[in-house]
Amino acid sequence: MTTLVTHPESLSLPEEEHGTSGLLKWITSTDHKVIGKSYTITAFVFFLIAGCMAMLIRTQLASPDNTFVSQHVYNELFTMHGSIMMYLFAGPFAFGGLANFIVPLQVGAPDMAFPRLNALSYWLYLGGGIIMLSGFLTTSGAADFGWVAYAPLSNSINTPGAGPDMWIVALILTGFSAIFTGVNICATVFYLRAPGLTMFRMPIFTWNMMVTGILILIAFPVLTSALVMLWCDRHIGSHIFTVSGGGVPVLWQNLFWFFGHPEVYILALPYFGAVTDILAVFSRKPVFGYRGMVFCTIAIAALSTSVWAHHMFTTGTVLLPFFSIMSYLIAVPTGIKFFNWIGTMWRGSITFTTPMLFAVGFLIVFLFGGVTGIFLASPPVDFAMHDTFFVVAHFHEVLFGTAVFGGFAGLTYWFPKYTGWMLNDKIGKVSFWLMFIGFWVTFMPQYLLGEKGMPRRIAEYLPSTGWATLNRISTGGAYLLFLSVFVMLVAFGESWLKRKERPAGDNPWDAHTLEWATSSPPPHHNFYWIPPVRSERPVWDHNHPDHPTVKEHAREVRELVGVGAGTGARGGLAEELPPSSAGGTSAPSGDGHGPVSGNGHDPTGESK
């Protein structure tokens, strides 16, 4: 069976999209690109708010016996800092922002599978975030029991007031938002892929987002159920987590960490995928060990549901050998990923743009955080370091390394596709180096503080402890991190002011995957055409038809389907067009015009 491809000159180009514009468009749109941008901007604002809280925390800890903030305010700050970073920035920025915008483009779809559900997900997330922050406006203040909300500290007797209740409601709303997004991502990947885009031709970012979506559906319902139980304990006297009523406080830890450890990989896997795509593009090579990367992603997701209790070694209620072994075991597929990332760069023609620098920075930071995680997987070491600043440093290396270094890598890589213009590369590199240096200055002293016995979650310490010098160094590094984010904001602002001078074109990076086959930013229904999909990098194949690997792919497909040159197959072979029409770096068209795609959408953008 063949597919007829209309020559681009014979197409009547679609008219401009009609409908709402301006603020009303942002409020009412179900377009995945508008929603993705909304998620990205909102999550970044929450990141800035949490960063300001971190600066207040570090200022308080810079000196012994400091009274910059009170103990109660300090407890609110570290609770809300951790909650915002975990629940309102790192996850939503990845599977709400980057995935919403990029996944439909990477699979050749016109939108997410359920556009209205997608819009509902965003408004639940925004509403939950506002409710969480509104806890500061209550008479008792915001939640102050830590972002993990351990029982019985989080019951109504130990933490009364509306602030903790608002925190619970906020997490329930954002939990439903994440669940709906997970459903949408999985449905989009399974049912809306372009012809020829088999599962093992999907970009690694899309693979990782699909696995993340499945993990969300496993983990978030558990957290949501636990939060409902906590609400019942606080308001109707159910005593699920209260010993006096026959409850079991440690049950909260089991439920929370059954969510919490898959959540670490829910936060990490999307950025793993973004970094994988970036390393391949700027090394001018295909992904090394593509299938191995896919299977390692699946292995990480499966193992992540069996290691939750390594956070509970000191409770004395878990089987230490089992959870220690499983914690060591999950390092194996992650180590294979590092091998493949290095293999992708090995002997490549590497270009150190801003996205590439952040991607390499991610590799270095996350590697060190992973190694210290192996230390904590040993029960004797964990007994000594539990609830010290060693754990704080490890935790930030893992999550800052993924969500911030990996997130900034993805944001700067897809910035041209989001906006249609290029980011200022020089200012972006300054931001990277400030962040990279500031990161090590901030968190390396915290490992030493943990070894010296400094507990986490304390607002004051005595001069006789000897912790002051290391805390001052750590605080100086935190201010450097704050400066690096400010410089990145300057880069965004400067790029917007000079946007007319630096148009991006369709594919400024000579990238590999389908999002670069359309205009920047994409039209309402994403594609006017899709190149033939014969491998995991169809746009690169189309832009480099004379490359030996591309010719070999074409020959193998023709032999497989038994057709000659000039015919097309549903499996992805179609009539070739000049490489320039794919929006390559040599001649970016900027308008995305080309032949009709084979994904069931005609040139007018209407679904068949």
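Residues numbered from 1 in each chain as written. Predicted model: local features only at pLDDT ≥ 70, side-chain atom pairs only at ≥ 80, totals over all residues. Heavy atoms only, no water.

K.L.:
Mind laying out the nonpolar core, listing which residues take part and the relevant values?
P.N.:
Trp167 and Phe405 are the most contacted members of the largest nonpolar core, which has 169 residues in total. Beyond its immediate stretch of four places on either side in the chain, Phe405 contacts Phe358, Gly361, Phe362, Val365, Phe400, Phe432, Met435, Phe436 and Phe439. Within the second largest apolar cluster, six residues are counted, among which are Leu376, Val391, Ala393 and Tyr447. (Core = buried A, V, L, I, M, F, W, Y, C linked by side-chain atoms within 4.5 Å. Buried < 20%, exposed > 50% of the residue type's maximum accessible area, 1.4 Å probe, protein only. Contact = heavy atoms within 4.5 Å.)

K.L.:
Mind laying out the side chain of Arg58, listing which residues take part and the relevant values?
P.N.:
Within the element layout of this structure, Arg58 appears in helix 2 (residues 32–61). Here Asn471 takes part through its side chain, which lies 2.9 Å from a polar atom of the side chain of Arg58. Ignoring anything within four residues of it in the chain, the contact list for Arg58 reads Phe389, Gln446, Asn471, Ser474, Thr475 and Ala478. (Helix = DSSP H or I, 4+ residues; strand = E, 2+ residues; numbered from the N terminus. Polar contact = N/O pair within 3.5 Å; in protein donor to acceptor, adjacent residues only side chain to side chain.)

K.L.:
Give me the lowdown on the packing of aromatic side chains, citing residues and values where you can.
P.N.:
Each aromatic ring pair is characterised by the separation of its centres together with the angle its planes make. Tallied over the entire structure, the rule returns 66 aromatic pairs. An angle of 80 degrees between the planes, with centres 6.1 Å apart, marks the rings of Phe436 and Trp440 as edge-to-face. Taken together, the residues Phe436 and Trp440, both in helix 14 (residues 425–451) and four residues apart, mark about one turn of the helix. On the basis of relative accessible area, Phe436 is assigned to the buried category, the value being 15%. For the cation-ring pair, Arg291 lies above Phe200, with the distance from its terminal atom to the ring centre recorded as 4.3 Å. (Phe/Tyr/Trp six-rings, centres within 6.5 Å; stacked < 30°, edge-to-face > 60°. Lys NZ or Arg CZ within 6 Å of the ring centre and 35° of its normal.)

K.L.:
Requested: an account of empty space enclosed by the protein, with residues and values cited.
P.N.:
Counted under the stated rule, the structure contains three cavities of 30 Å³ or more. There is about 120 Å³ of room inside the largest cavity. As for the largest cavity, its lining consists of 14 residues, of which Asp277, Val287, His512, Thr513 and Glu536 are closest to the centre. Per-element tally for the lining of the largest cavity: the top contributor is helix 7 (residues 250–282), with three residues. Of the residues belonging to the lining of the largest cavity, the class tally is nine nonpolar, two polar and three charged. Empty space within the second largest cavity amounts to approximately 100 Å³. The wall of the second largest cavity is formed by 14 residues, among which Tyr87, Pro92, Thr174, Ala178 and Phe220 lie closest to the centre. Partitioned by chemical class, the residues of the lining of the second largest cavity number nine nonpolar, four polar and one charged. (1 Å grid on protein atoms, 1.4 Å probe; cavity = no way out; pocket = protein on both sides within 12 Å on 5 of 7 lines; lining within 4 Å. Points joined across faces, edges and corners; volume = space filled by probe spheres on them. Nonpolar A, V, L, I, M, F, W, Y, C, P; charged D, E, K, R; others polar.)

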